[in-house]
Amino acid sequence: MTTRRTRPAPRPPEGTPPRTELARQARAVLADAVRIAHWAAGTPGPGTAPLAAHALERAATALELSPAQVRAGWDRARLAGLIELHGDTARPGWRLRAWDRDDSAVLRGWVALFDAWSLVHAAPADIEAGAVAEAVEAVPQVLSLLQLSAGPVTVPALLDLLGQRVAELQEERCEVPLGPGRTAPAPAETAARAGTAESAAGPARSADLNALLLDWALEGLAAVGALTLGKGHATLTPLGNWAVWVKLEQICVAAQSPAGNIEQSAADMLLGCARLTPGPARAEYRAWLAARTVGSAVAELLAVARGEDALLRGLAFEALRVVGAPAEPEVRAVLTEPSLRPYALLWLAEYEGNDPDDAQEVLSREEATWLWVDTAAAVADHGETGLLVRHLDSAVQGTVPALLEEVRAVGHPRTVQVLVALAAAHPDPALAKAVRRAAFQVHTGGA
């Protein structure tokens, strides 16, 4: 046994309002979005995004809002997870159902909108996409300065920081690792290249571009309620200050991954968490996720889930539960993959608000049987024999003969190995014999 020192629960900065007040402010920011989400969820065929013209007119009339307000509220409702689009049908998201009673759901919805500020407030059309992407990547530094300053920060100071960060990003992307047979460019060659680039772009033009991008970013963050703009300065709102603090805490958690799995691949991280209890395992998942972009982390977890190790498949979806809403489109997309479909259905059922104990009801009999075999494979590979025997009790069939009949038909690639392991582990000779017979029939293709 080892004793692990636990990091004390972090406290938000002094002066941060309580969560009930932060949630009230978030509800105010998203008030129009909530109204539109309720309208869309109760209206058949409101149309896909962008909102269809006829639906836009109906919503504007019904809610007494301008078409521009409806369009903006519709986009915010989707970005905050208040509505989900399934073809031409809008369905209420779990956050909308919990909106009036769950402050945590409200704050998570607002943070999702905060993360999507660059989609809420479109960038000027005449700016190159690469420059916009660099600005978006540099904005966290700007927000950190605003948060640390705990008050108004002048626009020139923010512009200087943005310019420095963009320059760092450009320098990082221009670095070419030296391989065999390559030599570093001579200083004169480097200076000549730098001079050519500067003369082509022009320092004044770069400063003007950064100023334009900063104005766009500040307006976008103000549009989602993260900051307020004054004459020549910007200040984080209580919501914005709290959100930046949360992001910084995530980075700190990532840097202090308690079991040391932060730098591991998804497969190694999941194996490292396999023997942890649920609480510490979730802390490891959060730390690992905080050190990566959501898209790359979800893709890596799903790639592991497609592998042959059934234990890692189950653990990958446990980690995806920590990801939450950002993983929903990717999880929904794997419903067509037979090996992942039962896991994805359970994930989506819990995501949509079903009690975990009742989530199994979304599986067909065949899907439940496939999942039983997959779980048994994980136990056979990594667990104890007694646990494999107890796993019999979780089968939906109720009797061993019925289970064996349906297991033979389900076509799981590990069926033979699971049945052989179960026969070897079970203390009842008669039952073990029946299981071995079933394993032989599956192996030989007999009935």
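Coordinates for the structure precede this section.
Below you will find a few notes about this structure. Just so it is clear, the structure is predicted and the values come from calculations on it, not from any experiment.

### What about the overall build of the protein chain?
A tally of helices and strands in the protein chain yields 23 helices and five strands. The burial tally for the protein chain puts 40% of its 447 residues in the buried class. Within the protein chain, contacts between residues at least 6 apart in sequence are counted, and of these 65% link residues at least 24 apart. Only carbon and sulfur atoms are counted for the fraction: they give 56% of the accessible area of the protein chain, which is about 23,600 Å².

### Looking at helix α16 (residues 310-323)
A turn of α-helix holds 3.6 residues, and therefore any two residues three or four places apart point the same way. Helix length check: α16, at 14 residues, gives a terminal C-alpha distance of 20 Å against a target of 20 Å (1.5 Å per residue), a fit within 8%. For α16, a buried count of ten out of 14 residues is recorded, marking the element as mostly surrounded by other parts of the structure. Considered for burial, the residues of α16 that qualify are Ala310, Leu311, Leu312, Arg313, Leu315, Ala316, Phe317, Ala319, Leu320 and Val323. Contacts made by the buried residues of α16 are with α13 (266-273), α14 (278-290), α15 (294-305), α17 (328-333), α18 (341-351) and α19 (365-382). Two or three places before Leu311, at the start of α16, stands the capping residue Asp309, its side-chain oxygen 2.9 Å from that residue's backbone nitrogen. Residue Gly324 follows α16 closely and has a positive phi angle near 75°.

### Quick notes on the side chain of Thr237
Structurally, Thr237 is set in the loop between β5 (233-236) and α12 (238-255). For Thr237, a relative accessible area of 13% puts it in the buried group. Once residues within four sequence positions are removed from consideration, Thr237 is found in contact with Gly225, Ala226, Leu227 and Thr228.

### Overview of the sheet that holds β5
As summarised here, the arrangement of the three strands in space is β3-β5-β4, forming an open sheet in which the pairing is antiparallel. Each having just a single partner strand, β3 (153-154) and β4 (227-230) make up the two edges of the open sheet. In the packing of helix α8 (residues 129-149) onto the sheet, contacts are made with β3, β4 and β5, and the angle to β5 comes to roughly 75°.

### A look at the pairing of β4
For β4 and β5, the ladder comprises four bridges, and the chain directions are antiparallel. Following the sheet pairing, Gly230 is matched in β5 by His233. What sits between β4 and β5 in their antiparallel hairpin is a turn of two residues, with Gly232 showing a positive phi close to 80°.

### Notes on the nonpolar core
Residues Leu270, Leu301, Phe317, Leu320 and Trp372 are the most contacted members of the largest nonpolar core, which totals 63 residues. Excluding anything up to four places from it in sequence, Leu270 contacts Tyr285, Leu301, Val304, Leu312, Leu315, Ala316 and Ala319. Trp39, Leu96, Leu143 and Leu213 belong to the second-largest nonpolar core, a separate cluster that totals 61 residues.

### Describing the packing of aromatic side chains
Scanning the model with the defined rule gives four aromatic pairs in all. Consider the rings of Phe317 and Tyr343, whose centres lie 5.5 Å apart with planes at 20°: the pair is stacked. Highlighted residues: Phe317 in helix α16 and Tyr343 in helix α18, separated in sequence by 26 residues.

### Focus: the pattern of salt bridges
Working definition: two side chains of opposite charge can pair if their charged atoms are close together. Evaluated as defined, the whole model comprises 13 salt bridges. Asp75 serves as the salt-bridge partner of Arg78, at 3.0 Å between the closest nitrogen and oxygen. Here Asp75 and Arg78 lie together in helix α4 (residues 67-79), a separation of three residues that amounts to about one turn. Assessed through its relative accessible area of 29%, Asp75 is described here as partly exposed.

Cut-offs and rules
Residues numbered from 1 in each chain as written. Predicted model: local features only at pLDDT ≥ 70, side-chain atom pairs only at ≥ 80, totals over all residues. Heavy atoms only, no water. Helix = DSSP H or I, 4+ residues; strand = E, 2+ residues; numbered from the N terminus. Buried < 20%, exposed > 50% of the residue type's maximum accessible area, 1.4 Å probe, protein only. Contact = heavy atoms within 4.5 Å. Areas by Shrake-Rupley, 256 points an atom, 1.4 Å probe, with all protein chains shown as cover. Expected span 1.5 Å × (residues − 1). Polar contact = N/O pair within 3.5 Å; in protein donor to acceptor, adjacent residues only side chain to side chain. Pairing = 2+ DSSP bridges. Axes fitted to C-alpha atoms, helices over the stretch in contact; angles between N-to-C directions. Core = buried A, V, L, I, M, F, W, Y, C linked by side-chain atoms within 4.5 Å. Phe/Tyr/Trp six-rings, centres within 6.5 Å; stacked < 30°, edge-to-face > 60°. Salt bridge = Lys/Arg side-chain N within 4 Å of Asp/Glu carboxyl O.

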